[in-house]
Structure formats: structure tokens, C-alpha cells
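# Architecture at a glance
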Amino acid sequence: MIERMSDKNIRIIKVLVASPSDVVAEREMAEDVIKKWNARPQRPLMLEAVLWESHAAPETGGRVQGILNKQIVDECDFAIGIFWTRIGTGTGVAPGGAVEEVERMMAAGKLVMLYFSNVPYRRKDVTIEQIEALDRFRESLQSNALIEEYDERHEFREKLAHQLDIQVHRWFCSKECGDDTSMKNRYQPLDFNTDSLLQLYHSTLTEQLGNTNLSGSPAIESFSVRHKDTFVSLSLSDTWRCEARSHTEGDLCEPKKEERVRAPEEVMSFVFQKHHLLLVIGDPGSGKTTLLKYYALSCLDNGRCHEFGFSEPVNVFYLPLRDINKSDTGYPSLPAALSAWSEKYFLKIKENLFAGWLGEDSTLVLLDGLDEISNVDDRKAACDWIDRTVSRFTNARFVVTSRSTGYRKGDGIELEASHLRADIMDFTKEKQAEFLHLWFSAAFFREIPLSARDEPELRARQEQQAAQKAAQKADAVITFLAQEKNRSMHSLAGVPLLLQIMAMLWKEREFLPAGRSELYDAALNYMLDYRDRRRGIYPLLAAKDARRVLSPVSLWMQEELKTDEADRIAMQQKMQKLLDTLYNSLPAGEFCKNLVDRAGVLVEYGDKEYVFRHKSFREYLAGVQLLKNMYRPDYLDTIVTRFGDDWWQEPLRFFIGHVENEELFDSFMQKLFDSPVTENLTSKQQDLLVTLVEEAPQRKIDALQKKLFDLQTTPNRQRYIMECLKIIGKPEALAIVKTFIESGRNNVLFDKLHAEYILIKGGTFAFSLTEKLEKMPDLYVAKYTVTNELYRQFLNYLQSGKVPDIDAVTLELYHNHLQKMANSINGFSDYLQDKRDLAKLFRSESDDDKRFNKEEQPVMDISWYAAKAYCLWLSLLESEGRIANIYRLPKEIEWEYAAAGEDGREYPWGNTAPNSKLANFNQNEGATTPVGRYPEGATPEGLYDMAGNVWEWTDDIHEKYALARALRGGSWGYVPGVLRCSARYFSHPASWLSGFGFRVVRSSPSS
């Protein structure tokens, strides 16, 4: 094991950044230039930017500037002094704090780089006294200092970057290199030992990952804060709990609330006890990269490594998977890929060194963005590469991140290496509040002027005011989100990226748009235009003109490049053609620099490429351009062909979110269902279809209705169309569905909630438990398991006592029947005891988990008692309060007969082994799917999901245990063997283990 290196191997040069309060942007630039210098060629030197706001600490017993001199100034090796319109507040020794620092450094024989700004300023923003004092100070330096000037801020950055490199080599590098100070030798890479190179790599990694850019600053530019200052611990679901297999022997699983959400430290520590790889899945903007940064920075902190399951300091390696260049022969080795990454940051660490480090104990490899490999075949190859890499470096532990759309077993994208999966959960309301308070605090504290440092009372007062403003803003957003009228924003606020956008907009405008597309629209307008205008700065281009350039460029990257990175020259050439069409044109290089330095929309990626700061912004702009291109002949056909392609999912969502024309929606639906792409949709494609219908602002049902009743429409398409109509949910849409169903079946009935039941004709079959032929009567069985939509109507009733259009069943009547039923069932009365809030008691434990809580997904994590209570309620609705047992849970024999039929099928569909087209099992989809997604896996009579998706409670007591109830059917996270019609599971009736749902039956009048 290579121990973490001490500072003795690399000399730290402390650089004081001295300035008054009017050059905030230049101070940030100076800090950034110093960071980039550290990532340059290998030398045993590291520069540390020393700023009073980050390096000073509270202290009494002296003059303020005197304390600062002792704490930070005297410790520095040289200084960078920056002045514009102010000299600062007198310190008693000098006319300003920055002046005293410069003069003190010079008096101590230390060197200072002095810069004076000629950037124009508004007369009302300055005082003549400050200007005159600054002029006198400048004149005093003429005899013993060479001063640099600049006319624009970007010139300051460029000059400082160039001149800092010259001076550091002149002042310090020759001393480290020996006596030969010739320019040739001064710039020669130095020999590093292995330990020093590892330390340098980790230092560079910390520099690259250690800061988070926050948009929304009232300053001209976006600003960076330390990652830890705004990081809110993400919650990860312990999906592996759903990997448990059916009980065949052993003790009854007692009811208890399992902890299904864990902190990042706990997840890593738990997984790495037995597995070498942790797979982290998250939606766009959920914080996957942020989580990896947290893992990297925390594990590089030797004092914290034990929190993550490591017993000694950790060698951390980070690599965006999109950075690995695949050749004709495949992907390079991990050491080669890391070496190439290091070269991008001027480290040039050899492959064999990385290979040695990766073989050491206590090594962590973080691989970010599997989904960002756009080509599916390349992504499959990347999975194989990861598997081989894990097998090669057996001492290392790995974390891989991906969007859910980029990792799906059903598409053949699967990691074979021993691993567990954790899904990033949405921010809870508590996490949202924590994030908002941290974000607003960082933003408002950033606004405190530097001049306040000379006056402790003023500083304390301004910090208190900043804290109050931050708390007020955060609380205002929290209150806004909690209001029922803003319900559409609830799910969006759970996504960290979208919550940050909300905070940014609220800080300046105190309003939030109503939907996802509108949120991105407002955020981009703010970043491109409004933020500068509110500062009295005229933007290079108005937002609408900037977007006229950015939208086509984004679609160009989406359609032609098929990558998130673009060569800088190629992008500028593409932009220039578009810029030249505008009334106010400008050079593309200047426009790009503005997008990087001011708007924060683009980021310079390596030496030669640009990427959008957030991938979602590029996808949004590409989606907008799709709509703009609708004037092109047959372009809608082109869009339809992209349906179901992972790479196009987000742009298509943003496209449909801007279709404010019901005729265009109607045309899109007609072409979609005329296209071969909808002949046989995967579950993921069906999810996308539902999402597009949900997010369309205006919808028309004419094309859907016509296609549904078209005799040439295949059964698959009919099913997809009915799902679309149900999502639209208008009475006329639901009436079409009901008419279609009733026109095709005589053996169907509907309950009061419009759930469909299919008649299973009686007969005889060999029951697996008795191993005898059993005679079965007719029985109506629900076509689907109970969905979240249906079950929530039950919970709403328990809270309000009301069911739309039904008045006969009062809460009092229901409670009386429920207690009567509970008294007749062993353990049920105890379960209800002192539980006055029945809605809370019966609520699904997954109701807040977006992987499982969509309307058409099966309700799960439901106890047997809750399922019984639902059937009772449904019976009372049907009979207007008179009969309590019309609907019920099936007996085991009834369930098995409905699944296996008279012919004794091994599986509900027949005797073919399970596959991803027949059922949802073995985590192929990563979660439950909406009911009815597997027509090929339905029974001949048309019962869906009798195998997979969720375990189904039955009414029977398990023969081995007094309280246990049996379940049938397997679930989304279980192995294929439990999908057999004869497979059984059992659990305590109060248990809600992940994957427990239910299906309702009712006896046939003929029986």
C-alpha cells in the first residue's frame, strides 16, 4: 500500500491575492488561474491561492489588518495585487488593507505582481476621494515596480496566466531545479518518484472535483464554492433487499419496517463487504456525478476513509467513461485510460504507474456516466470492459454511475461482475429544505463586499443580514412548493439540478414556472440574458438571439456528432454561420468565451472541446430545435424514427413539452402508430410513450380513436393506444376505451372503479399442493393487479370519507365493517389497535419512491391486512354498503388455477422458459412496470402479470405457520424459478416487504 504523501515531497508556494472590494471577478479569475497552473507540467511545486475569506479565522486582541497580516500575509511567498476604482478603508497604517498587504510584502523582500484595471465604470459607483487616493498609491510605485494594466477583464485572466507561469519559474523553479537557470532547463519536466506522482495526481483530482459551480450569483459570473459547503447527502435505495429469494424453510419473516434508504457512506461500506462493484443509477440531474465527487473527496480525506468501509488510506481514481477512446480493437486498459486522462491535465503519468497503484490494497475506482456512451453496442462493450477490469484488479473496489435509460438488462446492457445496485432517490422535503438553505447561504454570503473585512462590526452585521435573507428565501420556496396549487412542481423539486434552477430563479424573481420545460426555458433565459441586464450590463446577445445559435448547434451535436463534446473549432465554425445571420453578429470565439465565462452555459473540456455545463441544457435546446424544424417536409417522420432510442429520450420529451398545438400532437400520434417502431414496444419504450402523453401541453384523441378501431391495428398497438387514452384521462377518452373493451368481450365485468375482471371458466386441474385433481367453479379474476391509481382512491376515501358519485358508504359504516372483519381474523385486531389514521397505516411504503409510484404501476409494499381492507371497501362500494364480501383475495387454489389452467401450464403463458418479453423479473427493468406490459406473458384468457412484477397475496394461511399468508407469482427482483405457477412465498400478514401487491377476485353468480 502506498501511503498518502506529505507536503515534504511537493513544495507549496503560497500566493496572496490582495485587492479592495471592487474586483470580485478578478479575484475569482486569479484563483482559477492558480488552480489551472497546478494542473500544468510536472514540477515539485504547487501554488496555493491565499484569500482572506478562505484562510482567515476569527481572532481578537489586535488591529484587524494586523491580525490578517499575522494569520495569512506574512506566511505568503509572493502576492498578486489587483486595483480598479477603490483603495479601500484606512487601516491606521495604510490607506487600505490591500495597500498595507502589498507594502508589507515588498518591505519583507517578497515579490508582488501588480495589476491596475482600466475597465470602464459608472461615475455614480465611485468616489473622487477613492480614485485620487488610488492614483497617489500608483504613483508611489512607479520608481520600484513594473505595473501591468488591462482594459477588459478577460485580458486580466490571459495576462495573469501567461505572466504567472513566467514568474513562478523565474522565482521558484530554478531553485528547485538546481543552479542552471537557463530557460531550456527551467522548463524541463522534473523527475518525480512514484509517491510524488500519486500525490500530484490526487492533488489534481481534488482541484478538478473539489468545487461546485453555482449559477445565479448576482455577480457577473457564476461562482464556485467548495463541494462540501453545499453538498446534501443523497439517499440511495438499497435495491438489493429486493434480491431476497422465496422462503422455503426457516423462520417466518416477522413484520418490521425495513430501512430501504441509506446514506452514501453506509451504501459503500455495505456493498464492498462482499462485492467489488457498486452500480449507482439515477435520473438526469439526480446528482450522480456529485455523488462520485463526494465519494472521491471523502475517501481522499484519510480521517474519513473508515466511514466508507476502508481500514486504511484510499488510492482514489476517477474517470468519466466518455473519456475512454474506443479503437477498432476495443477499449484501452484502465491504466492506459487513466494515463490518457492525466495527460489532458498535463501530468503525463505513465500507464505502468497506474497499473501498480491499481494493484495496491485499499483502492477505489470511480467510473462516471455509462449512459453517456451513446451507442448501444459501445455501451455493451463498455460493460464487458468493466467486467474484465474488475476481474483484473482484484484489490480494487469500483463505483459505476448511469442513467436508468442507459443500463437495462432487457437491452443486453448488463454488468456480470459481482455487484449490487443502488438507486439515487429524489430529495425528500427535508432534503429539499436543507439544500435550499445551503444554496441561498452560499449565494448571499458571496455578496458580502470585501471592504467589510476591515470593520468587524460591519462584517458581523452583514453576515447576519445575509443569513436572514438566505433563510427567508429558502423558507419562501419551501412554502411555495408545499401549496396544493403548485403540486406540479413537487416531483421536480426532488431532482437536485432542477431544485438548484428553482433556487436561482426564485432568488432574483421570486417566481417559479409551472413545468419541467418551462423551468429549463426560464433558467436559460436568465443565464444568457437577465442576469447581466439586472446588473446594468448589456449582454453580447439577447437570450432569444443566443438561443437561435445554441439550439441548432445542440441539435447538430445530437444528430451528427452523437456526443456531448464538440471540437471547439468545429463548434465555432458552426456557430459563426448562424451568428452571421443575426442583425447583431459577432465573432464566434467571443460568443463562446461569453458562454463559458459569463453565462456559464458552456465549459471548456480539455484543450480542444466544449461541453454544455449540464447535459440536460443541451438536450433541452435540441428538443426545442426539433419543433423549429417542423417546417421541413416529412420531418415529423424523422422524429418518429428516433422514438425509443436512449440517446433521443430527453430531446423528445422536451420536444413534446413545447407542442402547444393539438393538431401537431394528433399528427405525431398518427405517424407514431403507423410506424413500425410501435409494432412491439419494449417496456422502456412504453414508459417513454406514457411520459410523452403526460407532458404534452395540448392533446387531441382523434387519431388515437381512429387507430384503435381500425381493423388493421394489431393487438399490441391497441393496447398501447388504450394506455395513451387512459393517461389523457378525459371522460371522452375513457369512454372510448370502455366502448372498445365491451365491444370485444362477453365474459368481462367492471367494478365501481372501472377495473376489469375476466371470467375464468370452471374445470378440473392438478393442484400442486394436494397433488390431486381439483374441481374449480367459475371465477372472475382482475385482469391486472391493483394499481397505485386504484389504491390511492381507497386512501383518499379513508382521509376524506368521500368517493366521487357514491354517497352510500360513510366512514363510520366502513370502520364498523372493518372492525367486524378484524375481530374474525387472528392478529388483525391487534394490527388495528390504536391506529386511528388508517390511511397512514395502509399506505404503501413505496408511495414516495418514483421508481414504483406511477399511477399504472402495481401498488406494492402492501400488507395482507391492507389488501383485505381494500377488498372490503370495494365490496361496500359495489353494494352501496350492504354486502362486505363481494370482492376478496383469491385462495391459493383459485390463483393457481387461473394461472395454470386446466392444462397445468408450468408458467402462465405456457411451458416456455421466462424471458424479458414474457415477464418482469430478475431486475431486468430495475423496478416494477405498469400493469399489462407483457401481452406475450398473459394467460390464454387474458390475465396479465400473473408471473413477475409483484408477489400477490392470497387469502390462505400457510400450513406451517399460524399467522403466515401465502403469496404467488414472483416479482420484478426475483429469479426465474419463482415465476412457475406452483411457486409459493409466505410472510407475516403485517409485513410489507418490497414487491408485495395483490389481485382481486369475485365469485361468479353461476358458482
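What this report covers is the structure whose coordinates are included nearby. Owing to the predicted nature of the structure, the values given are computational and were not obtained by experimental measurement. Residue positions are given per chain, counting from 1 as you read along its sequence in written order. Only residues with pLDDT of 70 or above have their local features reported here, since the model is predicted, and side-chain atom pairs are shown and tallied only from 80 upward, although totals for entire chains, interfaces and linings are computed over all residues. Side-chain numbers come from the whole structure's heavy atoms, not from hydrogens or water.

## Details of the overall build of the protein chain
- Numbering of helices and strands runs from the N terminus, with a helix taken as a DSSP run of H or I at least four residues long and a strand as a DSSP run of E at least two residues long. Across its full length, the protein chain carries 36 helices and 28 strands.
- A 1.4 Å probe rolled over the protein chains alone gives each residue an accessible area, and that area as a share of the maximum for its type sets the label: buried under 20%, exposed over 50%, partly exposed in between. Per-residue burial for the protein chain yields a buried fraction of 57% across its 1007 residues.
- The contact rule is simple, with two residues in contact once any of their heavy atoms fall within 4.5 Å. A separation of at least 24 residues holds for 72% of the contacts in the protein chain among residues at least 6 apart in sequence.
- Total accessible area on the protein chain stands at roughly 42,400 Å², and carbon and sulfur atoms take up 47% of it. Computed by Shrake-Rupley with a 1.4 Å probe, the accessible areas treat only the displayed protein chains as cover when residues are assessed.

## Focus on the sheet that holds strand E24 (residues 951–957)
- At least two bridges found by DSSP between two strands is the condition for calling them paired. Read from one edge to the other, the open sheet built from 4 strands follows the order E26-E25-E24-E27, with strand pairing classed as mixed. In this open sheet, the two strands that pair with only one neighbour each are strand E26 (985–987) and strand E27 (996–997).
- As judged from the 3 bridges shared by strand E25 (residues 965–968) and E26, these two strands associate in the antiparallel manner. Within E26, the position partnered with Arg965 by the bridge is Ser987.
- Note on method: axes are straight lines fitted to C-alpha atoms, helices fitted across the in-contact stretch only, with angles between N-to-C directions ranging 0 to 180 degrees. Helix H35 (residues 864–878) contacts E24 and E25 of the sheet and is inclined by roughly 85° relative to E24.
- Sheet strands in contact with helix H36 (residues 892–900) are E24 and E25, and its direction is about 140° off that of E24.

## A few points about helix H10 (residues 264–271)
- Within the sequence span of H10, burial applies to Pro264, Glu265, Val267, Met268 and Val271. Down the axis of H10, the buried set is contained in an arc of 165°. They therefore lie on one face. This arc corresponds to the set of directions leading from the helix axis out to the C-beta atoms.

## Here we look at the packing of helix H31 (residues 788–800) against H35
- With their axes 11 Å apart at the nearest point, H31 and H35 run at an angle of 80° to one another. In terms of orientation, H31 lies roughly perpendicular with respect to H35. From H31, Leu790, Tyr791, Gln793, Phe794 and Tyr797 reach across to H35, where they touch Ala866, Ala869, Tyr870 and Trp873.
- Looking at the contact of H31 with H35 residue by residue, the class counts come to 8 nonpolar, 1 polar and no charged. Note on angle classes: values under 35 degrees are labelled roughly parallel, values over 145 roughly antiparallel, values of 65 to 115 roughly perpendicular, and the remainder oblique. Gly is placed with the polar residues, together with every amino acid not listed as nonpolar (Ala, Val, Leu, Ile, Met, Phe, Trp, Tyr, Cys and Pro) or charged (Asp, Glu, Lys and Arg).

## A closer look at the packing of aromatic side chains
- The rule is short: rings of Phe, Tyr and Trp, with Trp giving its six-membered ring, pair when the centres are within 6.5 Å, and they are stacked under 30 degrees, edge-to-face over 60, tilted in between. Scanning all chains against the criterion turns up 53 aromatic pairs.
- Plain terms: the ring middles of Phe765 and Tyr897 are 5.2 Å apart, the flat faces sit at 55° to each other, and that makes the pair tilted. Taken together, the residues Phe765 in strand E20 (residues 763–767) and Tyr897 in helix H36 connect sequence positions 132 residues apart.
- On the basis of relative accessibility, which here comes to 1%, the residue Phe765 falls in the buried class.
- Among the residues examined, Tyr897 registers a relative accessible area of 6% and is labelled buried.
- Grouping aromatic residues by their ring pairs yields a cluster made of Tyr791, Phe794, Tyr797, Tyr814, Phe842, Tyr870, Trp873 and Phe998.
- A ring is scored as having a charge over it whenever the NZ atom of a lysine or the CZ atom of an arginine sits within 6 Å of its centre and within 35 degrees of its normal. One Lys or Arg, Arg153, reaches over the ring of Trp84 and ends 4.9 Å from the middle of that ring.
- Between Arg262 and the ring centre of Phe270, over which it is positioned, the NZ or CZ distance is 4.4 Å.

## Some points on the nonpolar core
- For the purposes of this section, nonpolar cores are sets of buried Ala, Val, Leu, Ile, Met, Phe, Trp, Tyr and Cys residues that join through side-chain atoms within 4.5 Å. Grouped together as the largest cluster of nonpolar side chains are 138 residues, with contacts concentrated most on Leu334, Leu367, Ile501, Met575 and Phe591.
- Per-element accounting of this core gives the leading share, 9 residues, to helix H18 (residues 496–509).
- Here this core spans two domains, and each of domain 2 (231–239 + 259–425) and domain 3 (427–512) adds at least three residues to it.
- The contacts of Met575, once residues within four sequence positions are left out, are Val549, Leu550, Val553, Ala588, Phe591, Cys592, Leu595 and Leu602.
- Counting residues in hydrophobic clusters, the runner-up holds 58 residues, among them Val786, Ile862, Trp873 and Tyr974. Domain ranges listed in this record stem from an automatic or a database domain assignment.

## Section: the pattern of salt bridges
- We define a salt bridge as a contact between a side-chain nitrogen of Lys or Arg and a carboxyl oxygen of Asp or Glu at a distance within 4 Å. Evaluation of the coordinates by the stated rule reveals 59 salt bridges.
- Between Lys850 and Asp283 there is a salt bridge, and its shortest N-O distance comes to 2.7 Å. Highlighted residues: Lys850 in the loop between helix H34 (838–842) and H35 and Asp283 in the loop between strand E10 (277–281) and helix H11 (288–300), separated in sequence by 567 residues.
- On the accessibility criterion, Lys850 (22% relative accessible area) is partly exposed.
- Judged by its relative accessible area of 24%, Asp283 falls in the partly exposed class.
- The partner of Lys684 in a salt bridge is Asp646, with the nearest N and O atoms 2.7 Å apart. Taken together, the positions of Lys684 in helix H27 (residues 683–695) and Asp646 in the loop between helix H24 (635–641) and helix H25 (649–657) put the pair 38 residues apart, joining distant regions of the chain.

## With respect to H31
- The end-to-end C-alpha distance of H31, which contains 13 residues, comes to 18 Å, matching closely the 18 Å that a straight helix rising 1.5 Å per residue would cover.
- Of the residues making up H31, those classed as buried are Asn788, Leu790, Tyr791, Arg792, Phe794, Leu795, Tyr797 and Leu798.
- On the buried face of H31, the contacting elements are helix H32 (811–823), H34 and H35.
- Gly801 sits one or two positions beyond H31 and adopts a positive phi of about 80°. Expected span, for any helix, means 1.5 Å times one less than how many residues it has.

## With respect to the pairing of strand E11 (residues 315–320)
- Within E11, 6 of the 6 residues are buried, which leaves the element mostly enclosed by the surrounding structure.
- Side chains of E11 alternate between two faces, with Asn315, Phe317 and Leu319 and Val316, Tyr318 and Pro320 buried alike.
- Across 6 bridges, E11 lies against strand E12 (residues 363–368) in parallel orientation. Bridge pairing in E12 links Val316 to Leu364.

## Structural notes on the sheet that holds strand E17 (residues 609–612)
- The strand order E15-E17-E16 describes an open sheet built from 3 strands, whose pairing is antiparallel. Strands with a single pairing partner mark the edges of an open sheet, and in this sheet they are strand E15 (565–567) and strand E16 (602–605). The sheet shows a mean angle of 35° between the axes of neighbouring strands, taken without regard to direction.
- Relative to the sheet, helix H22 (residues 588–599) contacts E16 and E17, its axis offset from that of E16 by approximately 100°.

## So, unusual backbone geometry
- Phi angles above zero are rare outside glycine, and Lys562 is one such case at about 55°.
- Position of Lys562 relative to the elements: it lies in the loop between helix H20 (543–561) and E15.
- Of note in the backbone geometry, Asn922 takes a positive phi value of approximately 55° without being a glycine.
- With respect to the element layout, Asn922 can be found in the loop between H36 and E24.

## Observations concerning the pairing of strand E22 (residues 779–782)
- Of the two faces of E22, the one lined by Leu779 and Val781 and the one lined by Tyr780 and Ala782 are each fully buried.
- Both E22 and strand E28 (residues 1001–1003) contribute to a ladder of 3 bridges, which runs antiparallel. Looking at E28, one finds that Tyr780 is bridged to Arg1002.

## Remarks on the side chain of Ser554
- As for its position among the elements, Ser554 is in helix H20.
- Here Ser554 falls in the buried class, since its relative accessible area comes to 0%.
- Under the rule applied, a polar contact is a pair of N or O atoms within 3.5 Å (in protein, one hydrogen donor and one hydrogen acceptor; residues adjacent in sequence only if both atoms are side-chain atoms). Among the polar contacts listed, one links the side chain of Ser554 to the backbone oxygen of Leu550, at a separation of 2.8 Å.
- Beyond its immediate stretch of four places on either side in the chain, Ser554 contacts Phe612, Arg618, Leu621 and Ala622.

## A closer look at the side chain of Thr787
- Mapped onto the fold, Thr787 is located in the loop between E22 and H31.
- Those residues in contact with Thr787 that lie beyond four places of it in its chain are Glu855, Glu856, Gln857, Pro858, Val859 and Val931.

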